[in-house]
Amino acid sequence: VCRETTVESSMKRDNKPNCPVLVPSVILHSRYRELAPHLVPLDYTNNPDIRVPLALIVAMPELKENPFRDRIVETFSEDGHGNLSFNDFVDMFSALCETSPRELKTIYAFKIYDFNRDSFICKEDLRKTLNKLTKGDLTPEEVTLVCDKSIEEADLDGDSKLSFSDFENMISKAPDFLSNFHVRI
Amino acid sequence: HCCLGVKTLSMKLNAAHPISEQSDPLSLSGRSRGAIISQYYNRTMQLRRRRQSRPAIRDFSRSARPSIRGYGMEVDSTDAEVSKRDRLVNNLQNLSVSDRVRMLRGMPLSVAEKTLQKEKHTLSGSQIPCCSQLKYYIIIGARHSWYSWLNFLHSLQLWQVALKTVSGRFGTGVLSYFLFLKTLLFFNFFLFLVTGAFMVLPQAVHPPVLPAGRSSFSGLELLTGAGYFSDTVMYYGYYSNYTLRKSCRDDGGVQNVSLSNGTRLDCVSKHLSYNMPLAYFFTIGVAFFITCIILVYSMSKSFGQSFRIDKSHSILAMKVLCSWDFKVIKKTSVKLMSENISTQLKELLAEVNQKHVKNTACQKLWRLMVHGLAWTICIGSTTACVLAIYYFSGSRIADNNLLLTEASLLALPVVVSLINLLLPGLFNLAAWMEDYESPSVRTYVAICRNLMLKVSVLGLLCYHWLGRVACWESFVGQELYRFLLMDFIFTLLDTLFGEFLWRLFSEKVLKRRRKPVFDIARNVLELIYGQTLAWLGVLFTPLLPAVQIIKLFLLFYIKKSSVMMNCQAPRKPYRVSQMTTVFITLLCFPSFLGASVCVTITMWSITPSSSCGPFRELKTMFQAGKRWVEELEKDNPNLSVLARAHSYLVENPFFLFVGAGIFLIVIYFHSQVVDGQRKIISLLQEQIENEGEDKKFLITRLQSIHEKKRTPARRLTSQVSLCCSGALQQLFLSKAKTISITWPPLSSYVFFFIYFSFRTSAVEIPTSSRQASSVL
């Protein structure tokens, strides 16, 4: 999927300069259409501006039980509210696929965990992440302690929040990140 | 990954400067796209420069502050977005194709943006002259067809849906077992293709004259591999020891003539001749060599992904941010996973908070005794089993009834498989008695013990097989076939009893809510054992890879149904990439290395049997190659250099020693480089911390100056007291000593003063005691 959408579509463009901007991959298009058959047309040659709303996207079986589903869809949406066009849909699954490069996954993981979108993962972001992960199994004191200790461990320059470089440094030490941050479609 | 660590940290130093906001890929102002484009413009520029000249390691010396390298670089933030994009496209064009593709894939831009980049690229592409344009179109066409082929392969991915179901329910840990099975399947498929094409097919097309008295097919052959199968293309004994030629007569060739002088028939086709012994020898050699290369490559790739130089301490942060498995989609599994993570977090918190309790001498002695006892039990039971197998294999049951004699051949494989099944249970009991604290240590000890058992059993069997019977190679091939089959049957039985019946038992009788756990390590070790048998047997049974393929295929479906019905995911944290690396290493080192050492010894020094097979009447199998080179030299004296090269390089062990020596030296150099990179990483981390402290110090200093200016009467009540200039000078000196600065901090102080004088309202005074004491 990754190879096809980013390179092959551009290769196809090289052959026929007059063909439309996107050559949709068949599987992804059928999945996208399944979400909202009344909204999404079969024919994409006119590049229509259709956006499927958040509520329909998070009903996909691959995302339905994921605690971060809202954040994932919001991160990849153009308007920030979770309404995905087909381009955004393709982006999402190609960033989350198996062969997606490490840097790309790190960038998007950071965006997903950054709830307040200030380019830093602060304590509040971590607290929300932890609550979504554990769904109330930890007491509030434990949650606070975990957040404090995590920031202490990963923060390199001492501003008590994680910037992207801190996050990237920490991820480079986690060998399981690449295989965990992967959604199969 | 040391390079990644270094790069990340040096980027962090660059990003510590406030002006490098532009290089932050996540600045979410309206210029986010522009920020990304300019960042990637810089990166492509660096890549182009790097492709021309090597990076200078002097940039990381202790005295220079790397962050200052960014200072004074062109920071043309006033540039319009469009021209930056053009420059980026220009840079992309000048990179090589693989670099360009990699850059494009790594860019966090939407697909629409990337196709616009490509669009600009092709517009300038139409300006090439016509001959190169033809070449350009040919290349594009070739690449297009290659991608279509890859798409086709991807669409018929083996077991795609099954793997998705398993990973959706059990996560990445259990999935790794099935992926390992798939890898083994591909290895066997490759072996089967090679041996089938070069050995089995030519011999099947030119069958030799067989001795009389072939037994008819009875069902027992499928289990024992003897009987009807023993004179077929399955075993070593069937293969001819002469050059196969296409002849005009009906009797299909003449037997027992010496090697490549071959047959002197009246009408001999000069074109199609096939030197069977040489083909046999070289096919096995080349197949093993290629398998070795593929194994070492995948092992090093897996090792590279999981090895981390900087074994440090951000365990809790990693657990929070990296441990959620996005592949799991089933509701109950998701609930289970979040429970697991909560438990692990609680354990980590307890560990972090608690001081490590030191054991008293008495407790240490007790633990040592327990460990010693457990190891004695394990080693003792292994030795006992090995001796039992030795005596059992020595005795042979001879009976008048042929069928019973054949069935008795199955006795040894059954005993060995039984031992392989039961003894790991004993090892588990011993480990439960020892009660290890860390689960990974426990797993490694279990793997060690199992390995010890299997290696000793296989070693004894290898010793037992060599040179006993007439036509011993076919006998060994048959034995290996039986062992492989028995291993499969016992795995089935184990799946039935160990998983299915145990689940029923624990649900109905023990009334436990939870299903039994799928033991990944034990199952993978069983797969590795089966693969070792297959590799050992290829020399003697060229069709053994086909048997192994069928076995793995069936095993996949059986294990998958069993796992879905009877098991649940492991509760303990399972480090997937580390364990995958361990398993690939085990596949390469004891398993493949042992098999190839056995095969090499067999080919190099053991006399082949004189009554059957392609190497009869030769001193060693290796002589086949040597004789061929001699024949070549006789026929064509110009090729004497080849013969001499052969005798010096291949037969003389000196070359091998020199090669091994060079290899070791290269490994040593690489390990020294890794050490150096580790030191650089720690230096850079220190510098980052120092910069952070500098920043805090300056903020508080500027804040205090500003406060003094505003309300000169009000005294500072913060914990930072910097009123006396002597103390200030001392502070500066101590800072200077730790950082060894010259002019850069002065300019940075000036900058900070200007910058923060406009932002005093937003700055908080750090009041924690740790920060204050560090500033002091």
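Because the structure is predicted, anything quoted here is derived from the model rather than measured.

1. Examining the state of the cysteines
Residues and elements named next belong to chain B. In the structure shown here, the tally under the stated rule is one disulfide over all chains. Through a disulfide, Cys 471 is tied to Cys 612; the S-S separation comes to 1.8 Å. Here the S-S torsion is close to 110°, and the disulfide linking Cys 471 with Cys 612 is therefore right-handed. Here Cys 471 is found in the loop between α16 (439-465) and α17 (472-508), whereas its partner Cys 612 is found in the loop between α20 (576-605) and α21 (623-635), with 141 residues between them in sequence. Like Cys 471, the residue Cys 612 is buried in the burial classification.

2. With respect to the UniProt feature "domain: EF-hand" (unreviewed entry) in chain A
UniProt annotation of "domain: EF-hand" (unreviewed entry) refers to residues 101-136 and 142-177 of chain A when read in the numbering used here. End C-alpha atoms of residues 101-136 of chain A are separated by 33 Å, and the span's content is 67% helix alongside 0% strand.

3. What about the nonpolar core?
If you look at the biggest cluster of nonpolar residues, it comprises 102 residues, and the most contacted ones within it are Tyr177(B) and Ile284(B). Per element, the largest residue contribution to this core is 13 residues, and it comes from helix α8 (residues 172-205) of chain B. Contacts of Tyr177(B), omitting those with residues within four sequence positions, involve Phe518(B), Ile520(B), Asn523(B), Val524(B), Leu527(B), Leu555(B) and Lys559(B). Grouped together as the second largest cluster of nonpolar side chains are 78 residues, Ala36(A), Ile50(A), Ile121(A) and Leu92(B) included.

4. Considerations on the packing of helix α13 (residues 361-394) of chain B against helix α15 (residues 411-434) of chain B
Residues and elements named next belong to chain B. One can describe the packing of α13 onto α15 by two numbers: an axis separation of 10 Å at closest approach and a directional angle of 175°. Taken together, the axis directions place α13 and α15 in an arrangement best described as roughly antiparallel. Grouping the amino acids of the contact of α13 with α15 by side-chain chemistry returns 19 nonpolar, four polar and two charged.

5. Comments concerning helix α2 (residues 26-35) of chain A
All names here are of chain A. Within α2, burial applies to Leu 28, His 29, Arg 31, Tyr 32 and Leu 35. Viewed along the axis of α2, the buried residues span an arc of 165°, placing them on a single side of the element. Facing away from the buried side of α2 by more than 90 degrees, the exposed set consists of Val 26, Ile 27 and Glu 34. Turning to α2, the residues buried within the fold contact α3 (54-57) and α5 (86-95).

6. What to know about the pattern of salt bridges
Side-chain pairs of opposite charge can arise where the charged atoms are in close proximity. Per the counting criterion, the structure on display carries 21 salt bridges over all chains. Of the charged contacts, one joins Arg31(A) and Glu34(A) as a salt bridge, the two residues approaching to 3.5 Å between their closest N and O atoms. Taken together, the residues Arg31(A) and Glu34(A), both in helix α2 and three residues apart, mark about one turn of the helix. Judged by its relative accessible area of 15%, Arg31(A) falls in the buried class. Assessed through its relative accessible area of 56%, Glu34(A) is described here as exposed. Look at the salt bridges and you will find they share partners, linking Arg31(A), Glu34(A), Glu62(A) and Lys164(B) into a network.

Parameters and conventions
Residues numbered from 1 in each chain as written. Chains lettered and ligands numbered in written order. Predicted model: local features only at pLDDT ≥ 70, side-chain atom pairs only at ≥ 80, totals over all residues. Heavy atoms only, no water. Disulfide = S-S within 2.5 Å. Helix = DSSP H or I, 4+ residues; strand = E, 2+ residues; numbered from the N terminus. Buried < 20%, exposed > 50% of the residue type's maximum accessible area, 1.4 Å probe, protein only. UniProt positions renumbered as here; feature names shortened; annotations may be inferred. Core = buried A, V, L, I, M, F, W, Y, C linked by side-chain atoms within 4.5 Å. Contact = heavy atoms within 4.5 Å. Axes fitted to C-alpha atoms, helices over the stretch in contact; angles between N-to-C directions. Parallel < 35°, antiparallel > 145°, perpendicular 65-115°, else oblique. Nonpolar A, V, L, I, M, F, W, Y, C, P; charged D, E, K, R; others polar. Arc of directions from axis to C-beta. Salt bridge = Lys/Arg side-chain N within 4 Å of Asp/Glu carboxyl O.

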